[in-house]
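For reference, the chains in residue letters:
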Amino acid sequence: MPSREEERREFNVVKHGARKVDGVSLVTGRPKFTADMDLPDTLYVRILRSPHAHARIVEIDTSEAEAMPGVALVLTHKNTPTRRFTTAGQGYPEPSPYDTRMFDTKVRFVGDRVAAVAAESREIAEAAVKAIKVTYEELPAVLSIDAALAPDAPVIHDEDDSAGIYDAARNIVADVDIDVGDVEKGFAESDVIVETVCELQYAQHTPIEPHVVLSYLDPDGRLVLRTATQVPFHVRRIVAYALDYPLHNIRVIKPRIGGGFGTKQEILLEDIAALTTLRTRRPALIELTRPEEFVAARTRHPMRVRVKLGAKPDGTLHAMEMEAISNTGAYGSHGLTVLSNTGSKTLPLYNKAENVHFYGKAVYTNLPVAGAYRGYGATQGYFALETAMDELAEKLGLDPVELRRRNHIRAGETSPIFVKLGEGREGVEQIIKSCELERCIEIGMARIGWAEKRGKKIREGSWVHGLGMAVHMQGSGIPQIDMAAATIKMNEDGSFNLLVGATDIGTGSDTILGQIAAEVLGVPLEKIIVYSSDTDFTPFDVGAYASSTTYVSGMAVKRAAEKVRSQIVDVAAHVLDADPETLSLGDEGVHAPNGKSVSLAEVCHYAMYKSDQFQIAATASFVPEESPPPFVASFAEVAVDTETGFVKVVKFVTAVDCGTPINPVLAEGQMEGALANGIGYALTEEMLFSSRGRVRNPNLFDYKILGALDIPPIEVILVDSYEPTGPMGAKSIGEIGINAPIPTIANAIYDAVGIRLRRTPFTPERVLKAMRNKE
Amino acid sequence: MKIAVKINDVQREFSITPGETLLELLRREGYKGVKKGCETGDCGACAVLLDGRAVNSCLVLAAKVDGHTVVTVEGLEKNGELAPLQEAFLDTGAVQCGYCTPGMLIAATDLLAHNPDPSEEEIKEAISGNLCRCTGYVKQVEAIKLAVQRMRGGEDA
Ligand code: FES
Ligand code: FES
């Protein structure tokens, strides 16, 4: 644990808004993304997708397609491995069911894989896909949570070779049920009780770069997958398993990635690309089109969440119950863990309640496959929890801020939920060591003008203004599961290569990890050459998910840098003929108390060429014992047009405690992007379906993500704390922001016009309807 | 058919196939800074300057640019020096994944060439066809303002 001294220490590189290490190449358009590499003889692959939500493939005739000039390979269930696996890129063993085959004899949603064609050009591949003749036997489709759970519902996974499904016969992927105290007794002892049910829609990540993979054989015949992924090491493992191909013959390279947000924590295309290259010995490129991205990539888990709260007259929560029913779509990727997180990342926030019950199910439907999405279940849970808290405050006659203050967790405290509920299994005990939520609330209140504007229903023509707030926590990685490693080696000009498996997908993690290394080694950031991630050349890291990178990978980098630092000091002690204990590092040199110094370049030269020669280098790993949560207080001012039902966010303020922000500019950027995404999720984004389960709006025109003109003024305030278990006091910040908009805006709408919206997105139609119903 | 185009100040000739879009042509010819996000004109990742104005290259037929001038993100650097907009994007943290960045820079270049002192609303308007999923546009708007300031001889000029 760091001393108070370290806590208060000034940093040289950390806590500065350094330019991104990959910035110049990105603003100049250098060919750094997956599809930016041209290889001779590349085959273009297109996928034939199911037109039916639920059907058996009776016959599939590829002869015409195969005979077309320029077609190199056609893949179907007849000529591909049949092993079931999970597409979820999670640590091993994955907590998701093995319910997916490369190509199955049954299709389970409109857009499911039926066949793939590799051809000389995209045009030929597309024509050949159309020439494949498939006879389907249509089956009744399950298109909602209720339909999935109905008695006698069609069984979506009726195969006998899937594993890890909780109850396939009842379409239940996963089931969670945990208890603390006695919730029934708790409600009986409560003076005030509220209950609310909220429902969340199908929504999409829409990274601007769709999924893409380029596979090829290197000159030694090893398979290389250059792929837009958040999880290169999981890709290697899962592809090796699915294809039953030796892991050591696969190299996965993650170049620059055009955004992930969870949808690239998935093995979506790599298996097909790999098999195409292995069968044809030629490079293969698969790019999802935007409509395919909507239909066949991943979505957020739509959910129905019921929250019941019981409180004492002073507002102290006494009993909390949360029930979540999650729709995982046609395959169970992340089904269990997203469901668990709906409770585990929300309920500990209010640790004053002695009686807590969380339970729920994730169910299969014949709709697009849900997966990991920034916020990972917490976003869904917070909608219901923070709506219920608002209702409770009203019933108690308390300011909603005051109700949160009386109940939220603080430094030095714990919650029994931490132990009871983890990531699809039992959790880990932890005591909160850093929490500045109180200051976040204070700052947020001041910035939004809470005291002046709340409850005033200020009118401007047909528009009425209102204020809402909510509070949130998330985590920093998955404790006792996530592992990250980093390697640092020194070069003779005093620079260092930092090799990390950590996966920069646009978040700026290469930069902040470089800053951590530079800080420890006493050099400017320019002297750290960061390389991520390549399964042949960088050490293992689980990848970019679960808000793990800053905290988990950051600690691995810090440890590796400390090992290298001590090697440097030992060599310098030799050179300077001094006691290593007395030496200090800084300004690219090692300094003795007597004023003598040696530069880092000289140290490396000495170690490489002079005496007792060795490579100054180290690898270190980190597995977190806990998952310190970042905290957010969010405040919104909205204006509701009582004539049209249109909701305008006038201002959105968040104050966030992420420990030490390693790079404040990038930390703000994480929040701003997550908020923008969350505001879209709250107001406009929704996948719409036909009565037969087809996505009706699979394009960026009809599925509305916010553009520059739609974004309200967003204010992000970083409220420093110091997390003693994190690198230089840092916690992670990647996901938490996305939880804020839905409940905050919903509560602000209530303040403005007195309606409780319990179904996202808050479109003008829904708002208008709710206002009419109220009248 | 064959077309002649001036791309990033270099006169070039290409044979194209009928129906080929400018986006396809440019990427095929190595201008990989031109990004593909939708191919339907909805995201702006493929924006280039055509005779000085920003267009979505996925909506332009390659045949149509015969005899015209195209600038891609690769052409924004002058004599090895980054353009003020590029510098400003780096300084403000306006680049996250960077996939929307080329199109964003092109849209902003067009704006500043025609309106050297845009208001915040005009900036947002100019990049409203360029979708970014990472930044929430906060720092991109800030970057464009900073570039304006610097180009007008303000801070850091
Ligand atoms: S690719 Fe041209 S606008 Fe999206
Ligand atoms: S920076 Fe990623 S899409 Fe804009």
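As the structure is a prediction and not an experimental result, all values here were calculated from the model.

### A word on the overall build of chain B
(1) Moving on: Per the secondary structure count, chain B includes five helices and five strands.
(2) Moving on: When the helices and strands of chain B are placed in sequence order, the string is β-β-α-β-β-β-α-α-α-α.
(3) Moving on: When its C-alpha atoms are laid out on the principal axes, chain B stretches across 50 × 30 × 25 Å.
(4) Moving on: Classification of the 157 residues of chain B by burial places 57% in the buried group.
(5) Moving on: Summarising the internal contacts of chain B: among those between residues at least 6 apart in sequence, 56% fall at separations of at least 24.
(6) Moving on: Counting every atom, chain B has about 6,200 Å² of accessible surface; 50% of that belongs to carbon and sulfur.
(7) Moving on: Counting 17 positive and 23 negative side-chain charges, chain B places the centres of these two groups 4 Å from one another.

### Concerning the domain arrangement of chain B
Residue and element names in this part refer to chain B.
(1) Moving on: Examined at the domain level, chain B breaks down into domain 1 (2–75) and domain 2 (84–151).
(2) Moving on: Measuring from the centre of the C-alpha atoms in domain 1 to the corresponding centre in domain 2 gives 21 Å.
(3) Moving on: Taken together, the 16 residues of domain 1 in the interface contact 13 residues of domain 2.
(4) Moving on: Together, K35, R53 and V73 form the three largest contributors to the area buried by domain 1 at its contact with domain 2, with a combined 36%.
(5) Moving on: Viewed at the interface, domain 2 and domain 1 are joined by one salt bridge.
(6) Moving on: Salt-bridge contacts for R53 lead to D110; the nearest nitrogen and oxygen are separated by 2.9 Å.

### Things to note about a negative patch on the surface
(1) Moving on: Negative charge collects at one region of the surface, where D177, D179, D182 and E184 of chain A lie side by side.
(2) Moving on: With respect to the secondary-structure elements, D177 of chain A resides in strand 7 (residues 172–180).

### Description of the domain arrangement of chain A
(1) Moving on: Domain boundaries in chain A define domain 1 (4–30 + 482–622), domain 2 (34–139 + 205–296) and domain 3 (151–186 + 309–430).
(2) Moving on: Distance from the C-alpha centre of domain 1 of chain A to the C-alpha centre of domain 3 of chain A: 40 Å.

### Quick look at the confidence of the model for chain B
Note: predicted coordinates in regions of low pLDDT should not be interpreted at a detailed level.
(1) Moving on: Confidence in the prediction for chain B averages 96 pLDDT; 97% of positions are at 70 or higher.
(2) Moving on: This complex was scored by the predictor with a pTM of 0.97 and an ipTM of 0.97.

### Some remarks on the sheet that holds strand 18 (residues 484–490) of chain A
Through backbone hydrogen bonds, the strands of a sheet pair up, either in parallel or in antiparallel fashion.
Residue and element names in this part refer to chain A.
(1) Moving on: Taken in spatial order, the four strands make up an open sheet running 20-19-18-24, and their pairing is mixed. Looking at which strands have only one partner, the edges of the open sheet turn out to be strand 20 (528–531) and strand 24 (617–622). Pairwise comparison of adjacent strand axes, ignoring direction, gives a mean angle of 20° for this sheet.
(2) Moving on: Packed onto the sheet, helix 16 (residues 509–521) meets strand 18, strand 19 (496–500) and strand 20 and runs at close to 145° relative to strand 20.
(3) Moving on: Of the strands in this sheet, strand 18, strand 19 and strand 24 touch helix 17 (residues 549–576), which is tilted by about 150° from strand 24.

### Focus: the interface of chain B and chain A
(1) Moving on: Taken residue by residue, the interface counts 44 residues in chain B and 49 residues in chain A.
(2) Moving on: Broken down residue by residue, the surface that chain B buries against chain A is led by L90, Q96 and R133 of chain B, which jointly contribute 21%.
(3) Moving on: The interface formed by chain B and chain A contains eleven salt bridges.
(4) Moving on: Here D38 of chain A ties to K32 of chain B by a salt bridge, and the two come within 2.8 Å at their closest N and O atoms.
(5) Moving on: Taken together, chain B and chain A are joined by 25 residue pairs in polar contact (both at pLDDT 80 or more).
(6) Moving on: Mapped onto the side of chain B that touches chain A, the elements with two or more residues apiece are helix 1 (22–28), helix 2 (84–92), helix 3 (101–114), helix 4 (120–126) and helix 5 (138–151) of chain B.
(7) Moving on: The element that contributes the greatest number of residues to the side of chain B that touches chain A is helix 2 of chain B, accounting for six residues.
(8) Moving on: Taken together, the residues that form the side of chain B that touches chain A break down as 17 nonpolar, eleven polar and 16 charged.

### Here's the deal with helix 5 of chain B
Note that an α-helix has 3.6 residues per turn; residues three or four places apart therefore point the same way.
(1) Moving on: Taking 1.5 Å per residue, 14 residues should reach 20 Å; helix 5 of chain B reaches 20 Å between its end C-alpha atoms and fits that length.
(2) Moving on: Among the residues making up helix 5 of chain B, those that are buried are K139, Q140, V141, A143, I144, L146, A147, V148 and R150 of chain B.
(3) Moving on: Each element contacted by the buried residues of helix 5 of chain B is listed here: helix 19 (664–683) of chain A together with helix 2, helix 3 and helix 4 of chain B.
(4) Moving on: One or two steps after helix 5 of chain B, the chain reaches G153 of chain B, where phi turns positive at roughly 85°.

### A look at the sheet that holds strand 25 (residues 631–641) of chain A
Residue and element names in this part refer to chain A.
(1) Moving on: Read from one edge of the open sheet, five strands run 16-17-25-26-27, paired in mixed fashion. Either end of the sheet is taken by a strand with one partner, and the two such strands are strand 16 (459–460) and strand 27 (714–718).
(2) Moving on: Note: strand 26 (residues 647–657) against strand 27, five bridges, orientation parallel. Looking at strand 27, one finds that V656 is bridged to L718.

Calculation criteria
- Residues numbered from 1 in each chain as written.
- Chains lettered and ligands numbered in written order.
- Predicted model: local features only at pLDDT ≥ 70, side-chain atom pairs only at ≥ 80, totals over all residues.
- Heavy atoms only, no water.
- Helix = DSSP H or I, 4+ residues; strand = E, 2+ residues; numbered from the N terminus.
- Buried < 20%, exposed > 50% of the residue type's maximum accessible area, 1.4 Å probe, protein only.
- Contact = heavy atoms within 4.5 Å.
- Areas by Shrake-Rupley, 256 points an atom, 1.4 Å probe, with all protein chains shown as cover.
- Lys, Arg positive; Asp, Glu negative; His and termini not counted.
- Charge placed at Lys NZ, Arg CZ, Asp CG, Glu CD.
- Domains from an automatic or database assignment.
- Buried area = accessible area lost by both parts, 1.4 Å probe.
- Salt bridge = Lys/Arg side-chain N within 4 Å of Asp/Glu carboxyl O.
- Patch = residues over 30% accessible without salt bridge, like charges linked within 9 Å, V, L, I, M, F, W, Y side chains within 5 Å.
- pLDDT = per-residue confidence, 0-100.
- Pairing = 2+ DSSP bridges.
- Axes fitted to C-alpha atoms, helices over the stretch in contact; angles between N-to-C directions.
- Polar contact = N/O pair within 3.5 Å; in protein donor to acceptor, adjacent residues only side chain to side chain.
- Nonpolar A, V, L, I, M, F, W, Y, C, P; charged D, E, K, R; others polar.
- Expected span 1.5 Å × (residues − 1).

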